[in-house]
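Overview (structure and organization)
Chain residues, written in single-letter form:
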Amino acid sequence: MTLIKSISGIRGTIGGAVEENLTPIDAVKFAAAYGTWLKQQRNKDNYRVVVGRDARISGEMIQNLVMNTLVGLGIHVIDLGLSTTPTVEIAVPMEHAEGGIILTASHNPKQWNALKLLNAKGEFLNGSEGQKILEIAESSDMMFAKVDDLGKITKNDAYIDIHIDEVLDLPLVNKDAIAAANFKVVVDGVNSTGGIAIPLLLERLGVEAVKLYCEPTGHFPHNPEPLKEHLGDLAAAVVNERADFGIVVDPDVDRLAFMDETGEMFGEEYTLVACADYVLSKNPGRNTVSNMSSTRALRDVTEKHGGTYEASAVGEVNVVTLMKKNNVIIGGEGNGGIIYPDSHYGRDALVGVALFLSLLAEKQIKVSALRASYPSYFMSKKKIQLTPTLDVDGILSTMASNYSHEKLTTIDGVKIDFADSWVHLRKSNTEPIIRIYTEAPSQVAADTLADRIIGEIQAVANI
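Residues numbered from 1 in each chain as written. Predicted model: local features only at pLDDT ≥ 70, side-chain atom pairs only at ≥ 80, totals over all residues. Heavy atoms only, no water.

1. Concerning the overall build of the protein
The secondary structure content of the protein amounts to 15 helices and 20 strands. Taken over C-alpha atoms, the radius of gyration comes to 22 Å for the protein, in line with the 23 Å a tight globule of 463 residues would show. Contacts spanning at least 24 positions in sequence make up 67% of the contacts within the protein whose residues lie at least 6 apart. When the accessible surface of the protein is summed, it comes to about 18400 Å², and 49% of that surface belongs to carbon and sulfur atoms. With 43 positive and 60 negative side-chain charges, the protein shows a separation of 2 Å between the mean positions of the two kinds. (Helix = DSSP H or I, 4+ residues; strand = E, 2+ residues; numbered from the N terminus. Rg over C-alpha atoms; globule rule 2.2 N^0.38 Å. Contact = heavy atoms within 4.5 Å. Areas by Shrake-Rupley, 256 points an atom, 1.4 Å probe, with all protein chains shown as cover. Lys, Arg positive; Asp, Glu negative; His and termini not counted. Charge placed at Lys NZ, Arg CZ, Asp CG, Glu CD.)

2. Quick look at empty space enclosed by the protein
Overall, the coordinates contain 1 cavity of 30 Å³ or more when judged by the stated rule. When its volume is computed, the largest cavity comes out at roughly 30 Å³. In terms of lining, the largest cavity is formed by Lys5, Ile10, Asp26, Lys29, Phe30, Leu134, Ala137 and Glu138. Looking at the lining of the largest cavity, the elements that each hand over two or more residues are helix 1 (24–41) and helix 4 (127–139). (1 Å grid on protein atoms, 1.4 Å probe; cavity = no way out; pocket = protein on both sides within 12 Å on 5 of 7 lines; lining within 4 Å. Points joined across faces, edges and corners; volume = space filled by probe spheres on them.)

3. A word on the layout of surface pockets
The space that makes up the second largest pocket amounts to roughly 290 Å³. Taken together, 14 residues make up the lining of the second largest pocket; nearest its centre are Tyr309, Ala311, Lys407, Lys415 and Asp417. Secondary structure elements with two or more residues in the lining of the second largest pocket: strand 13 (309–312), strand 17 (407–409) and strand 18 (414–417). Across the lining of the second largest pocket, the residue classes break down as 5 nonpolar, 4 polar and 5 charged. (Nonpolar A, V, L, I, M, F, W, Y, C, P; charged D, E, K, R; others polar.)

4. Quick word on the packing of helix 1 against helix 4
The relative placement of two packed helices comes down to the angle between their axes together with the axis-to-axis distance. Where helix 1 contacts helix 4, the two axes come as close as 8 Å, and the packing angle between them is 120 degrees. Judged by the inter-axis angle, helix 1 sits oblique to helix 4. Crossing hand, helix 1 versus helix 4: right-handed. Within the contact between the two elements, helix 1 uses Lys29, Phe30, Ala33, Tyr34, Thr36, Trp37 and Gln40 and helix 4 uses Glu129, Lys132, Ile133, Leu134, Ile136, Ala137 and Glu138. Class assignment for the residues of the contact of helix 1 with helix 4 results in 8 nonpolar, 2 polar and 4 charged. (Axes fitted to C-alpha atoms, helices over the stretch in contact; angles between N-to-C directions. Parallel < 35°, antiparallel > 145°, perpendicular 65-115°, else oblique. Left-handed = near helix turned anticlockwise from the far one by under 90°.)

5. As for the packing of helix 9 (residues 269–282) against helix 12 (residues 349–363)
Contact geometry for helix 9 and helix 12: axes closest at 9 Å, N-to-C directions at 65 degrees. Taken as axis vectors, helix 9 and helix 12 run roughly perpendicular relative to one another. Between helix 9 and helix 12 lies a crossing whose hand is left-handed. Here Ala274, Cys275, Asp277, Tyr278, Val279 and Lys282 of helix 9 lie close against helix 12, whose contacting residues are Gly352, Leu355, Phe356, Ser358, Leu359, Glu362 and Lys363. In the contact of helix 9 with helix 12, the residues fall into 7 nonpolar, 2 polar and 4 charged.

6. Things to note about helix 4
Between its first and last C-alpha, helix 4 extends 18 Å over 13 residues, near the 18 Å set by a 1.5 Å rise per residue. Regarding helix 4, the residues found buried are Gly130, Ile133, Leu134, Ile136 and Ala137. Across the axial projection of helix 4, the buried residues extend over an arc of 160 degrees, all falling on one side. In helix 4, the exposed positions angled more than 90 degrees off the buried face are occupied by Ser128 and Glu138. Where helix 4 is buried, its residues meet strand 1 (3–6), helix 1 and strand 6 (112–118). One or two steps after helix 4, the chain reaches Ser140, where phi turns positive at roughly 60 degrees. (Expected span 1.5 Å × (residues − 1). Buried < 20%, exposed > 50% of the residue type's maximum accessible area, 1.4 Å probe, protein only. Arc of directions from axis to C-beta.)

Dropping the structure here:
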């Protein structure tokens with residue numbers, strides 16, 4: 001079992017030993033460190049933090065521990081209960097809160113949970129802020145409130161509806177065209193909060209939603225990462241229902257993938273490509289950003305519309321930082337994460353659904369035809385499990401030296417750009433693995449490149 005402490009938060013498996021798993025003691029200590037850090041940022045009488053969770057089985061337990069720890073620090077809590085990551089993100093500035101915590105392990109299986117931490121803008125903390133919280137947690141330098149100064153918990157279950165209102169108010173969401181298209185869509189909510197939020201959004205847009213695994217029980221019916229190999233039931237439902245397409249989200253609703261009318265994946269990498277194509281068609285000449293592990297197709301679409309594309313290091317905070325620097329109109333990550341600044345600086349599947357529906361409604365074409373209109377790249381995503389003796393930095397350094405004659409980028413692991421393909425090697429921030437991403441003009445070529453690189457890593461590491 002595993003506990004991972006990083007600058008992006010604390011993530012682990014439920015149960016087991018303290019400091020080795022995500023136990024109640026670990027959750028309390030980390031929440032206390034975060035609350036202490038928040039109070040160090042500003043000296044004021046009242047502090048507020050927004051807290052929400054996905055539908056994981058452990059979610060209610062962890063949330064109660066986290067909220068009451070904040071109460072013990074004298075911090076008032078706005079409890080959103082079952083929510084989504086982007087919903088908590090928009091709630092923080094609306095509540096004039098000092099920060100927010102989302103209890104979710106994103107795409108990880110049900111035994112995992114995590115504390116994701118936000119600043120006063122509803123955005124993820126940067127590296128130095130996260131490091132300070134880790135230091136506070138290890139030092140136990142925390143001062144709790146006296147009995148007359150304890151915080152209070154206020155429940156507010158309206159924010160998913162408020163979030164939907166915000167999405168519908170975006171100028172580029174073509175509500176009339178979507179309603180006129182009479183779409184029928186199958187939604188796989190993986191028995192988490194996407195099963196609440198996405199059907200409600202579709203209903204407001206006049207789209208018929210066929211619900212699949214939309215009960216927020218936390219018992220995921222399949223691996224919750226929205227990949228083709230996990231979505232056989234969705235493919236069958238799309239075909240059987242004669243739906244226009246399928247939608248699948250991860251448990252906290254910041255990743256979004258589509259399935260075409262034939263039951264084939266649109267491609268998680270192409271979620272951002274399609275949404276960017278729509279936004280850029282209305283705003284030619286604007287720029288985009290995605291991370292280094294994302295498809296080249298976004299670059300191609302951006303240049304088609306007269307804009308400039310740039311890649312950031314992996315991690316939402318890195319994408320957002322570069323988006324702000326380059327004043328981009330849309331960006332995100334190739335894992336289906338749409339970041340649309342006109343809404344907020346966070347990955348948001350609800351925004352992605354609304355933009356994608358607007359594009360389809362205006363083009364009046366099938367999802368399979370839309371996918372065929374984009375450059376064809378194929379990606380392979382593989383991993384190597386880490387062991388305590390594995391020298392990851394040394395491995396990456398050797399791989400960079402071995403390919404020094406190619407175009408290299410080393411701001412986040414090692415990315416090697418070939419003429420018609422690329423490979424990106426990096427240590428994961430959330431799992432004890434080395435990730436290997438490759439992209440090429442065919443799936444066979446991408447898989448072959450990935451297998452070759454894995455073989456080279458194994459030779460270098462003597463494993």
